[in-house]
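Reading the structure
Listed below are the residues making up each chain.
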Amino acid sequence: MNSQNKNQSHPLIGPHHLRRFAVVYIRQSTKRQIIENSGSTTYQRNLTAVAHSYGWPDSQIKIIDEDLGRSGSSTQGRTGWQKLQDMIDADQVGAVFVVNISRLARQVHDFELFRMRAALHRTLLYSDGRLGDPANSNDAIIAQIMAMVAQFENRKRTEIMMQSKMTKAKTGEIVSRLPVGWIKESDGRFDYDPATEDAIRTIINTFWQTRSIRSTVIALAKAGVQIPCRKREGQLYVKKPTAARVTFILTNPAYTGAYVFAKTQPGGPVPTSGRPKRLKLPEGRWVNIPDQHPAYMTRQEQEEIRSILKKNQFKRRYGDGRGRVATQGLLRCAECNATLAVSHCRRGYSFVCRRLREYAEKPCMSFSSNDLDECIVREVFKVLKAPPIEMLNSALKASHRKKQTRLDWIRSERERLAREESIAQERADVTRGRLPSVHFDALEKLEKILQDKKEFEQKLALKPVAPPNDESEEELEELCRIASEVPRLWQHEAVTHQERKDIVRCLVDHIVVAPTKERIDARIVWKSGAQTPVSVWRARSRHHLIRELYARQLTAVEIKEHLAAGETSSGQIINISIAGIQKSLNRMGLKPAKYSASFLSVRRRAAELDRQGQSLEAIAGYFNEQGFASPSGKSWTHFMVEHLLRDNGQKQEPLENIHRRAITEAHARGLSYGQMAGEFNTKKIRRRGGRHWTANSVAIRWSDLKRMQRKRKKELTDTKLSEAVVLKRSA
């Protein structure tokens, strides 16, 4: 390839193409092809030499090989394909190099969307040894024909292979792999596999003794029996007994000696893994060849086993299920990382590690809690009230991409129908009056195309698609508004359990749970990668929440109200009586608070205002203005304030001390008597008789205070002198 393509030039390649990347896209359908047909991979990689010969430097040549082992029948799960689309949308790709069209896609629809995207961004396409322009009509029709051929080949090959297998299977020939338990002899017949025969018979015999899957798994584990399995490559290995594997051996028709083929057929939805799901067929449509190979049990025995299992059936939900638990299917064990099963009961629901079901062993964890689900939902609401912009931006881009894909498909369908209409019309015009039979056939074809166009437009009218716009800020605002409405509508009767689960799954990737005897610790892992730790107290340890509220100096009534409103550190909503709260406090050796924290705060404020010299009437008026609630719920009066101060163990400070302190402090600031009077009136410093302060009254009061002080000093001096005389005489 290198020698033939050195220093080539092409009229389609311009400077703007060479400034962008040349992408070599590589794909093979299965991992087996990668291993057995490595030459194809090498041949595809050698396209880099072709790109180099057309003028792209090595630094501008990229190889996308992430889709090795991915089928071209669908674009789902092909990360390399999506990366290529994103690069084209970003105008980063000058040309795409592939061996042939089938490497890109084996569906005409998928290729046509790619072609239209490449044409829109002026990206060239090299396939089947030639360089073409997807925007050019001639190149486009050639590429479309090649895509149709690739789709036809893929479909035909699948049909032929399936028909061939069905024909062989109906004649008794084994065309699919048997489960473990047999080996193929040189003459083509099957016999028991000595490496697995004893283990399989032990499994069957143990079930007949226990008549329970779980008991069978326990017995096998105690006996040290390992279950034989076979990987895709055919290598034999053993694993610990599990319920799923034991059930498979007991219920698979192959172990009755029957060969069964075509139990499923394609047609299910394609998951993100890229492998299309298969639909189960009714048993009447299976190819069932009895007595094809040696049996481990009879058909009657297997039917009896199925009957026993049906009677023993008890379902625990490991997936999202139909229950009311919003986090169902998201909870994982912190020890073994297995999904927790959910069991519903009258009082609520319980969670258990699937080790109990799969390995019949003591589960890593098993607990009951109605609060954990509610706690996680509250965290989801917090995110919805202030949605993360990055997550919404990602959702917005995905929405734009989906809209653009649908618009490209609509445009492609319209072009196809218009082209077919043009061809049919031309054929009808040419044969008019010359070839009646052909002309009539052409008119029928034209009529059918016109009918298809009409039905297509009618479908579009029922579900119109608005073109993606660039008003991302407005759309983000709308997304934020919609998200903020979710908490309000969460409990609406029209919202189903499944819709609530879908909302949670849009934000939460999984939740790791680690319960203890007293509380349940969990870690929410969001889709964005961020993590949020949460904790809830279990029923036996809810006294911790009561202790927490008691530490905030709340009364029993207030503790009850806070618990009922979920105003706790864990957000748990607990309905408990006042008697129950008092009982819990007594058990913890705590005396229920007589006064609430708010009452104590009001009492402290009253004492502070009293020290400032305000009257009882002024304090009562202040409390009424500020909206402080009185113990009786009525408006404050000076009698209530007096009672409040008396409960605090204090009496009103004498006016002499209040006035002396206020005037002394005002003198230190250099205030005049008039200024003092204005300030005292503003501060509502009380005066005997309830009168207002004036400059003259302040001066008189200050004179009286100094006179009273001098009188006390004289009395104190006279007392000391008289005591000294008495002592002298007694001496």
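Note that the coordinates shown come from a computational prediction; the quantities given were computed from them, not determined experimentally.

A few words on the packing of aromatic side chains. Tallying each qualifying case throughout the model produces 14 aromatic pairs. Judged by centre distance (5.8 Å) and plane angle (85 degrees), the rings of tryptophan 56 and phenylalanine 97 are edge-to-face. Of this pair, tryptophan 56 sits in the loop between helix 4 (47–53) and strand 2 (61–68) while phenylalanine 97 sits in strand 3 (residues 93–97), and the two are 41 residues apart along the sequence. The exposure class of phenylalanine 97 is buried, given its relative accessible area of 0%. Linked through ring pairs, Tyr25, Trp81, Phe111 and Phe114 together constitute an aromatic cluster. A cation sits over an aromatic face here: lysine 62 above phenylalanine 21, 5.0 Å from the ring centre. The ring of tryptophan 537 is capped by arginine 519, whose NZ or CZ atom sits 5.8 Å from the centre of that ring.

A separate point is the sheet that holds strand 15 (residues 340–344). The strand order across the open sheet formed by three strands is 15-16-17, and the pairing between neighbours is antiparallel. Each edge of the sheet is formed by a strand with only one pairing partner; in this case those strands are strand 15 and strand 17 (366–368). Direction aside, neighbouring strands of the sheet carry axes that sit 20 degrees apart on average. Sheet topology note: the strand 16 (residues 349–353)/strand 17 ladder contains three bridges and is antiparallel. Residue pairing across strands places serine 350 opposite serine 368, the latter belonging to strand 17.

Within the largest apolar cluster, 35 residues are counted, with the highest numbers of intra-cluster contacts made by Leu340, Leu372, Val508, Ile511 and Val513. Sorting elements by how many residues they give to this core places helix 14 (residues 371–385) first, with eight residues.

Quick look at the confidence of the model for the protein now. Within the protein, residue pLDDT values average 79, and 85% of them lie at 70 or more. Overall, residues 1–5 carries pLDDT values under 50, and its contacts beyond four positions in sequence, including any with other chains, amount to eight contacts. Within the model, the stretch residues 268–275 combines pLDDT values under 50 with 18 contacts to residues more than four positions away or in other chains.

Now for the packing of helix 9 (residues 197–210) against helix 11 (residues 243–251). Here helix 9 crosses helix 11 at 90 degrees, and the two axes come no closer than 10 Å. In terms of their interaxial angle, helix 9 and helix 11 are classed as roughly perpendicular. For the pair helix 9 and helix 11, the contacting residues are Ile200, Ile203, Ile204 and Phe207 in the first and Val246, Ile249 and Leu250 in the second. Residue composition of the contact of helix 9 with helix 11, grouped by class: seven nonpolar, no polar and no charged.

What follows is about unusual backbone geometry. Even without a glycine there, the phi angle at aspartate 91 is positive, about 60 degrees. Along the polypeptide, aspartate 91 turns up in the loop between helix 5 (79–89) and strand 3. For aspartate 128, which is not glycine, the phi torsion reads 55 degrees and is therefore positive.

Applying the stated rule across the entire model yields 19 salt bridges. Between lysine 83 and glutamate 66 there is a salt bridge; the shortest N-O distance is 3.5 Å. Taken as a pair, lysine 83 in helix 5 and glutamate 66 in strand 2 lie far apart in primary sequence, 17 residues in all. Taking relative accessible area as the criterion, lysine 83 reaches 39% and is therefore assigned partly exposed. Relative accessible area serves as the criterion here: at 38%, glutamate 66 is assigned to the partly exposed category.

Our focus in this paragraph is helix 8 (residues 137–170). With 34 residues, helix 8 extends 49 Å from end C-alpha to end C-alpha; this agrees with the ideal 50 Å at 1.5 Å per step. All of the buried residues along helix 8 are Asp139, Ala140, Ala143, Gln144, Ala147, Ala150, Gln151, Asn154, Met166 and Ala169. Count one or two residues on from helix 8 and you reach glycine 172, which has phi positive near 95 degrees.

Looking now at helix 23 (residues 616–626). Where helix 23 is concerned, the buried positions are Leu616, Ala618, Ile619, Ala620 and Phe623. A positive backbone phi angle near 80 degrees is found at glycine 627, which sits one or two residues after helix 23.

Turning to the sheet that holds strand 20 (residues 531–537), a few remarks are in order. The four strands lie next to each other as 14-18-19-20, forming an open sheet whose pairing is mixed. Unpaired on one side and paired on the other, strand 14 (331–333) and strand 20 mark the two borders of the sheet. The average angle at which neighbouring strand axes cross in this sheet is 30 degrees, direction not considered.

On the secondary structure map, tryptophan 182 appears in strand 6 (residues 182–184). A relative accessible area of 4% places tryptophan 182 in the buried class. Sequence spacing of tryptophan 182 and glutamate 197 is 15 residues, and the spatial spacing of their C-alpha atoms is 8.0 Å. The contact partners of tryptophan 182, leaving out residues within four places of it in the chain, are Phe190, Asp191, Tyr192, Asp193, Arg230, Ala254, Tyr255, His293, Pro294 and Tyr296. A polar atom in the side chain of tryptophan 182 sits 2.8 Å from the backbone oxygen of proline 294.

What counts and how
Residues numbered from 1 in each chain as written. Predicted model: local features only at pLDDT ≥ 70, side-chain atom pairs only at ≥ 80, totals over all residues. Heavy atoms only, no water. Phe/Tyr/Trp six-rings, centres within 6.5 Å; stacked < 30°, edge-to-face > 60°. Helix = DSSP H or I, 4+ residues; strand = E, 2+ residues; numbered from the N terminus. Buried < 20%, exposed > 50% of the residue type's maximum accessible area, 1.4 Å probe, protein only. Lys NZ or Arg CZ within 6 Å of the ring centre and 35° of its normal. Pairing = 2+ DSSP bridges. Axes fitted to C-alpha atoms, helices over the stretch in contact; angles between N-to-C directions. Core = buried A, V, L, I, M, F, W, Y, C linked by side-chain atoms within 4.5 Å. pLDDT = per-residue confidence, 0-100. Contact = heavy atoms within 4.5 Å. Parallel < 35°, antiparallel > 145°, perpendicular 65-115°, else oblique. Nonpolar A, V, L, I, M, F, W, Y, C, P; charged D, E, K, R; others polar. Salt bridge = Lys/Arg side-chain N within 4 Å of Asp/Glu carboxyl O. Expected span 1.5 Å × (residues − 1). Polar contact = N/O pair within 3.5 Å; in protein donor to acceptor, adjacent residues only side chain to side chain.

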